[in-house]
Amino acid sequence: MKIIRAIIRPEREEAVIGKLEEAGLYAVTKLGVLGRGRQRGITIGKVKYDTLSKVMLFIVVEEAEYEKAIAAIVAGGGTGYPGDGKIFVQSVSESYTIRTGIKSETTD
């Protein structure tokens, strides 16, 4: 299994979640976050904004669904301009269902 953390523009959240649902991926956790990338914020007139609002999506998928999850995030989140976001991927070695305490099967 893989955990995908995607930091995206807030205005692209619905589009990304829609693309994930089209791909059959419904489970997602989202958080409002603040941050900046290589552009170090944004300047509008004389005002410099060092941090910008973003949305962080957490998605855990099976190995077989990993590439379609990435493709869905890129398709829904991309505008073609700096600040579209970043995707981070890590392997998941274990997961448990809280209700039952049962360890989930992983395919890694």
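For the structure itself, look to the data block above.
Rules used throughout
- In every chain, residue numbers begin from 1 and rise along the written sequence.
- Reporting in this predicted model follows two pLDDT cut-offs: at least 70 for local features of residues, and 80 or more for side-chain atom pairs to be given and counted; totals over whole chains, interfaces and linings ignore these cut-offs and use all residues.
- Only hydrogens and water are set aside; all other atoms, that is, all heavy atoms of the structure, feed into the side-chain values.
- Three labels apply to residues, based on accessible area from a 1.4 Å probe with only protein chains included: buried if under 20% of the type maximum, exposed if over 50%, partly exposed otherwise in between.
- Secondary structure counts use DSSP, requiring at least four H or I residues in a row for a helix and at least two E residues in a row for a strand, with both numbered from the N terminus.
- Throughout, the arc means the angular range of directions from the helix axis out to the C-beta atoms.
- Note on definitions: a residue-residue contact is assigned when non-hydrogen atoms from the two residues lie within 4.5 Å.
- To define a nonpolar core, start from buried Ala, Val, Leu, Ile, Met, Phe, Trp, Tyr and Cys residues and group those joined through side-chain atoms within 4.5 Å.
- Salt bridges, as used here, are contacts in which a Lys or Arg side-chain nitrogen is within 4 Å of a carboxyl oxygen on Asp or Glu.
- Polar contact criterion, stated in full: a pair of N or O atoms within 3.5 Å, where within protein one must be able to donate a hydrogen and the other to accept it, and residues adjacent in sequence count only if both atoms are side-chain atoms.

Asks: Quick question: what am I supposed to make of helix 1 (residues 13-22) here?
Replies: Helical geometry: 3.6 residues make up each α-helical turn, so side chains three or four residues apart lie on a common side. Looking at helix 1, one finds that the buried residues are Glu13, Val16, Ile17 and Leu20. All buried residues of helix 1 project into a common sector of 95° when viewed along the axis, lining one side. Relative to its buried face, helix 1 has exposed residues pointing more than 90 degrees away, namely Glu14 and Glu22. Buried residues in helix 1 make contact with strand 1 (2-8), strand 2 (29-35), strand 5 (52-61) and helix 2 (66-77). Backbone geometry just after helix 1 places Gly24 at a positive phi near 85°.

Asks: What is the right way to read the environment of Ala15 from this model?
Replies: Relative to the helices and strands, Ala15 is located in helix 1. Each C-alpha atom of the pair Ala15 and Gly76 lies 4.8 Å from the other, and the pair is 61 residues apart in sequence.

Asks: Just to check I follow, could you spell out the nonpolar core for this structure?
Replies: Most often, soluble globular proteins have nonpolar side chains that are buried together. The biggest cluster of nonpolar side chains holds 13 residues, and the ones touching the most others in it are Leu20, Leu57, Ile59 and Ile73. Where this core is concerned, the elements lending two or more residues are strand 1, helix 1, strand 5 and helix 2. Among the elements that line this core, the one with the most residues is strand 5, at 4 residues. Apart from the residues within four sequence positions on either side, Ile59 is in contact with Lys2, Ile3, Ile4, Leu20, Ala27, Val28 and Ile73.

Asks: Sorry if this is basic, but what is going on with the pattern of salt bridges here?
Replies: Under the criterion given, the structure shown has 5 salt bridges. Put simply, Lys30 and Glu13 hold a salt bridge, and the shortest N to O gap is 2.5 Å. Of the two residues, Lys30 is situated in strand 2 and Glu13 in helix 1; the sequence distance between them amounts to 17 residues. The class of Lys30 is partly exposed, set by a relative accessible area of 48%. Note on Glu13: relative accessible area 16%, which makes it buried. For Glu22, the salt bridge is made with Lys19, and the minimal N-O distance between the two is 3.9 Å. Here Glu22 and its partner Lys19 are both found in helix 1, 3 residues apart, which amounts to about one turn of the helix.

Asks: When you look at the side chain of Glu13 in this model, what are you seeing that I'm missing?
Replies: At 2.5 Å, the side chain of Glu13 forms a polar contact with the side chain of Lys30. The residues touching Glu13, leaving out its near neighbours within four places in the chain, are Ile8, Lys30 and Val55.

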